[in-house]
Amino acid sequence: MKKVLILFWTLLLFWACVSKKAAVKTEKTGQNSTIDSVEYGIETFDAKFETWYTLHNSPALYRSKAYYENWNKQYVQAWNNKAANAEKNGFFSTVVGYNPRDDYGFDVNHKLFYYFQYVENVLKIEILPRGPKVVPY
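Residues numbered from 1 in each chain as written. Predicted model: local features only at pLDDT ≥ 70, side-chain atom pairs only at ≥ 80, totals over all residues. Heavy atoms only, no water.

**Q** Please clarify how the pattern of salt bridges should be interpreted in this entry.
**A** Side chains that carry opposite charge are capable of pairing whenever their charged atoms lie near each other. This structure, assessed with the given rule, holds three salt bridges. For K111, the salt bridge identified is with E50, shortest N-O distance 3.3 Å. Residue K111 is located in helix α4 (residues 105–121), and its partner E50 is located in helix α2 (residues 47–56); the two are separated by 61 residues in the primary sequence. K65 is the salt-bridge partner of E69, the closest N and O atoms lying 3.8 Å from each other. Pair noted here: E69 and K65 are both in helix α3 (residues 65–84), with a separation of four residues, about one helical turn. Take E69: its relative accessible area is 26%, and that puts it in the partly exposed class. Here the salt bridges share partners, and the residues they tie into one network are K65, E69 and D103. (Salt bridge = Lys/Arg side-chain N within 4 Å of Asp/Glu carboxyl O. Helix = DSSP H or I, 4+ residues; strand = E, 2+ residues; numbered from the N terminus. Buried < 20%, exposed > 50% of the residue type's maximum accessible area, 1.4 Å probe, protein only.)

What follows is the structure in structure tokens.
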């Protein structure tokens, strides 16, 4: 039963993986101009991931935002391809909603990348063959 609950929460995590934290705020600053601001965040329901992330989140290991965006694009594509064949890949039953054209910022891209690292290296579930191994385990 415990494994079923863990699987359920993990799947729920990816369903809501990249969600909007705040609504779009539009303000008029001039005659015809507006400023749009959207904040994104990742909500995880896996306490073990949150603990693991806290322990492995070190500025000494940081890469550039472009680095994380590039890998996240590849990971999301691989994840969603596996989700399309959920009967073969039961763990990947939900689609990750990540649009590479949106600017999620450094923090969201970093945490999402680390979640993929957690799944591959701690849970031992391969997402992307020959993906990066940048986190000490």
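Having put the structure on the table, let's press on.
**Q** I keep staring at α4 and nothing clicks. Help me out?
**A** Quick reminder: α-helices carry 3.6 residues per turn. Residues three or four places apart thus point the same way. Helix length check: α4 (17 residues) gives 24 Å between terminal C-alpha atoms against 24 Å at 1.5 Å per residue, within 8%. The element α4 is extensively covered by neighbouring structure, given that 14 of its 17 residues are classed as buried. (Expected span 1.5 Å × (residues − 1).)

**Q** Help me understand the packing of α3 against α4, please; the structure alone is not making it clear to me.
**A** Between two packed helices, what matters for the description is the angle formed by their axes and the separation of those axes. In contact at an axis separation of 9 Å, α3 and α4 are set at 50° when each is read in the N-to-C sense. If you check the angle between α3 and α4, you find them oblique. Both α3 and α4 take part in a crossing whose hand is left-handed. Seen from α3, the contacting residues are K65, Y67, Y68, E69, W71, N72, Y75, V76 and W79; seen from α4, they are G105, F106, N109, H110, L112, F113, Y114, F116, Q117, V119 and E120. (Axes fitted to C-alpha atoms, helices over the stretch in contact; angles between N-to-C directions. Parallel < 35°, antiparallel > 145°, perpendicular 65-115°, else oblique. Left-handed = near helix turned anticlockwise from the far one by under 90°. Contact = heavy atoms within 4.5 Å.)

**Q** What should I look at first to understand the environment of Y98 in this one?
**A** Topologically, Y98 is positioned in the loop between α3 and α4. Using a relative accessible area of 9% as the deciding quantity, one classes Y98 as buried. Taking the C-alpha atoms as reference points, Y98 and N109, separated by 11 residues in sequence, lie 9.9 Å from one another. Of the polar contacts made by the side chain of Y98, one reaches the side chain of N109; its length is 2.5 Å. (Polar contact = N/O pair within 3.5 Å; in protein donor to acceptor, adjacent residues only side chain to side chain.)

**Q** Sorry, what's going on with the packing of α2 against α4 here?
**A** Contact geometry for α2 and α4: axes closest at 11 Å, N-to-C directions at 110°. It follows that α2 is roughly perpendicular to α4 by the angle criterion. Every pair of crossing elements has a handedness; the one defined by α2 and α4 is right-handed. For the pair formed by α2 and α4, the contact residues are K48, F49, E50, W52, Y53 and H56 on the first element and H110, K111, Y114, Y115, Q117 and Y118 on the second. Its residues assigned to classes, the contact of α2 with α4 comprises six nonpolar, three polar and three charged. (Nonpolar A, V, L, I, M, F, W, Y, C, P; charged D, E, K, R; others polar.)

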